[in-house]
Each structure stands twice: as structure tokens, then as C-alpha cells.
Amino acid sequence: MSAVERVGVVGCGQVGAGFAEVCARAGLQVLVTVTSPASADRGRQRIRRSLDRMVRRGKLTEDARDTVVARVEFCTDLKQLRDRDLVLEAAVERLSVKQEIFRTLDEVVDDPAAVLATTTSSFPIMKLAQVTSDPGRVLGAHLFHPVPVMRLVELIGSLCTREATLSRARSFLTDTLGKEVIDAEDRPGFVVNALLIPYLLSAVRMLECGTASAAEIDQCMKLGCSHPMGPLELADLIGLDVVVAISRELHEESKEPLHSPPSLLLRMLEAGLLGRKTGEGFHSYPQSPVP
């Protein structure tokens, strides 16, 4: 099977922009589909700011930065992804939205050997594959933020994913992008979040019952366990909406009380306090010009 040369990305938030950047840095032409010209502008700014940080650190020249930026193009029509070898869906973590995207990708991406991948951190891959006419080319490629820095990718096939699809994606992620791939089963949370989310929820419950403040909880885990980031800081970084989505999927499958989102977390979600992306979560953050 031929190597992946034409990459498509659906969505240009933190993960979508990061993936587009690493693909462009690997010399690939990338086409990103967004919902509006304003979203395209925000996506360009995300990628540019990330590359500017590399320039300031001496890891990239200004000419090389400009070359990478030029490799990423934007459009607002999924039909323009027709000729892609691999398309990564990185849209909002809502099942109905993702399913609609996969229905469309199934119709418009011509090559039957093309990989249709999702970055979902909560939904079983089969829930997305089942809406397509060929679930054999659908898989999960769970990347971690910030994508240009974090090496791990969880590769997840459903019961219907073809081995050739998995092999093509694995080769692309490891050989072309230099990522470390771990195979994971198609279950809510996969490996990392199945371990991580109960830990984060436990920290929220500790805060909720008044055992310690948010700052104290995070400081204890950083100083007492040598974690680079406390659990509530990490929840803010992930996004509290994503934490809730993953916990709900875990709870739906396991029925374990420890997987159920605490009421404090649900109230914060209702209030729009989602962490770093909104500037306010368990901690406060300077508001970025790009949401």
C-alpha cells in the first residue's frame, strides 16, 4: 500500500492545528476543513504561534516557518477532501457532530484504501464506523495536546477495521511523523483516559467536599508525586467539557460510581467554565486572542 502523501484535517482547534502542523513540518501538503473563514484565520494563527515559539527557541528558521505555514491550506467544504489518502477528524467532542462528519467523509473520499481517522478521546470507534458504508477504513488515532510535543498516539481499530488500514496509519504515524504508537482496544477512554479520568474526578470530589483547595490539591501532587502538573490544572488543560464527555462514556459502559462526573464539574460545564480554553476553570488563565 502506498505511503500517505495527501492529508486532510477536519477542524482546527488545538489538536487539529497541532496535527496539521506536524504533517506540514514533515513536508506534506495539508488541507484543513473548517466551518468558516474566521475559523480558518484562527487556525492559521494557532499554527503560526506554535511555529513562532520554535523560531524564538532557535529550533526553526523564519524561512522554514514560512514554508511550513504555506503547506497548510484551508477550505470550508468537506467535498474538497475527495483526493486525500488520510483524513483526521478533530471536531468538537459531540457524537452527533462526529457521526455526521463521517457520513460525509464516507461519501466524498474516493480512495477505498484511504484512512478515515478520529481523534476522539471518549467515543468507541465503532459508534463512528457504523454510520459509514465501509467501516473497514475507520480507526481512532488519539493524539495528545500539544501534538507537536507529545509523542504518544493511541491507535484504535474497531471490530471492523481492516488490518491494512491499521498498518497504513501506523506506518504514517511512526515513520512519517515520528510518533510512538500504542495499540488500544475500542473501549471508552482507551488506555490513557481510562486510567486518567478517575484520577481527575477524584481530585474534583476532594475539592467539592472541602478537603483541600484547588491550589493545594495540585501542589500536593506536584511536590508529593513529582507530577509536572496537578490534576485540576490538567483537567483545565484538557477542557472540562472533554473530561465530562469521557467520564460519561466510561460511566455508561461500566456503571462504576467513580466514573460518574461530580456535580461541581457539571455546574462548571453549565456555567461555561471549561478551563484554559475559556480562561476560567479550577484556575484562572490569561485569555488568549484565539479561543
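Before reading further, recall that the structure is shown in the block above.
This structure is a prediction, so every number in the text was calculated from the model and none was measured.

## A look at helix 7 (residues 192–208)
Helical periodicity: at 3.6 residues per turn, an α-helix aligns residues three or four positions apart in one direction. Under the 1.5 Å per step criterion, the end-to-end length of helix 7 is 24 Å for 17 residues, consistent within 8% with the ideal 24 Å. Those residues of helix 7 that fall on the buried side of the exposure criterion are Asn193, Ala194, Leu196, Ile197, Pro198, Leu200, Leu201, Ala203 and Val204. Positive phi appears at Gly210, one or two residues downstream of helix 7, with a value of about 85°.

## Examining the packing of helix 2 (residues 37–56) against helix 3 (residues 62–70)
At a minimum axis distance of 10 Å, the contact between helix 2 and helix 3 shows a crossing angle of 160°. Looking at the two axes, helix 2 sits roughly antiparallel to helix 3. Between helix 2 and helix 3 the crossing geometry is right-handed. Of helix 3, the residues touching helix 2 (which contributes Arg48, Leu51, Asp52 and Val55) are Glu62, Arg65, Asp66, Val68 and Val69. Of the residues contributing to the contact of helix 2 with helix 3, the split by class is four nonpolar, no polar and five charged.

## With respect to the packing of helix 7 against helix 10 (residues 240–254)
Running from N to C, helix 7 and helix 10 cross one another at 110°; their axes reach a closest spacing of 10 Å. It follows that helix 7 is roughly perpendicular to helix 10 by the angle criterion. Note on packing geometry: the crossing formed by helix 7 with helix 10 is left-handed. Seen from helix 7, the contacting residues are Asn193, Ala194, Ile197, Leu200 and Leu201; seen from helix 10, they are Val243, Ile246, Ser247 and Leu250. Considering only residue class, the contact of helix 7 with helix 10 consists of seven nonpolar, two polar and no charged.

## Observations regarding the pattern of salt bridges
Going through the model one piece at a time under the given rule, you end up with 21 salt bridges. A salt bridge links Glu21 to Arg25; the nearest nitrogen and oxygen atoms lie 3.4 Å apart. Pair noted here: Glu21 and Arg25 are both in helix 1 (residues 14–25), with a separation of four residues, about one helical turn. Salt-bridge contacts for Asp52 lead to Arg48; the nearest nitrogen and oxygen are separated by 3.7 Å. Taken together, the residues span about one helical turn, with Asp52 and Arg48 both in helix 2 at a distance of four residues. According to the relative accessible area criterion, Arg48 is partly exposed, its value standing at 33%. The network of salt bridges with shared partners includes Arg48, Asp52, Arg65 and Asp66.

## Structural notes on the pairing of strand 5 (residues 115–118)
Every second residue of strand 5 is oriented toward a common face, with Val115 and Ala117 on one face and Leu116 and Thr118 on the other, all of them buried. Note: strand 4 (residues 86–89) against strand 5, four bridges, orientation parallel. Looking at strand 5, one finds that Leu86 is bridged to Val115. Of the crossover connections in this fold, the one passing from strand 4 over helix 4 (residues 95–108) to the parallel strand 5 is right-handed. Alignment of strand 5 against strand 6 (residues 138–143), held across three bridges, turns out to be parallel. When the sheet's bridge partners are listed, Leu116 is paired in strand 6 with Val138.

## Considerations on the pairing of strand 6
Where burial is concerned, most of strand 6 is hidden: six out of the six residues are buried. By the alternation rule, side chains of strand 6 split into Val138, Gly140 and His142 and Leu139, Ala141 and Leu143, which are all buried. Pairing between strand 6 and strand 7 (residues 152–157): five bridges, direction antiparallel. Within strand 7, the position partnered with Gly140 by the bridge is Ile156.

## Brief notes about unusual backbone geometry
Note that the residue after His145, namely Pro146, is joined by a cis bond; omega there is -5°. When you line up the elements, Pro146 lands in the loop between strand 6 and strand 7. For Phe190, which is not glycine, the phi torsion reads 55° and is therefore positive. One can find Phe190 in the loop between strand 8 (180–184) and helix 7. Taking relative accessible area as the criterion, Phe190 reaches 3% and is therefore assigned buried. Look at Ser226: it is not a glycine, yet its phi comes out positive at around 60°. Of note, Ser226 is situated in the loop between helix 8 (214–225) and helix 9 (231–238).

Reading the values: rules and limits
Residues numbered from 1 in each chain as written. Predicted model: local features only at pLDDT ≥ 70, side-chain atom pairs only at ≥ 80, totals over all residues. Heavy atoms only, no water. Helix = DSSP H or I, 4+ residues; strand = E, 2+ residues; numbered from the N terminus. Expected span 1.5 Å × (residues − 1). Buried < 20%, exposed > 50% of the residue type's maximum accessible area, 1.4 Å probe, protein only. Axes fitted to C-alpha atoms, helices over the stretch in contact; angles between N-to-C directions. Parallel < 35°, antiparallel > 145°, perpendicular 65-115°, else oblique. Left-handed = near helix turned anticlockwise from the far one by under 90°. Contact = heavy atoms within 4.5 Å. Nonpolar A, V, L, I, M, F, W, Y, C, P; charged D, E, K, R; others polar. Salt bridge = Lys/Arg side-chain N within 4 Å of Asp/Glu carboxyl O. Pairing = 2+ DSSP bridges. Right-handed = clockwise from strand over helix to strand, strands pointing away.

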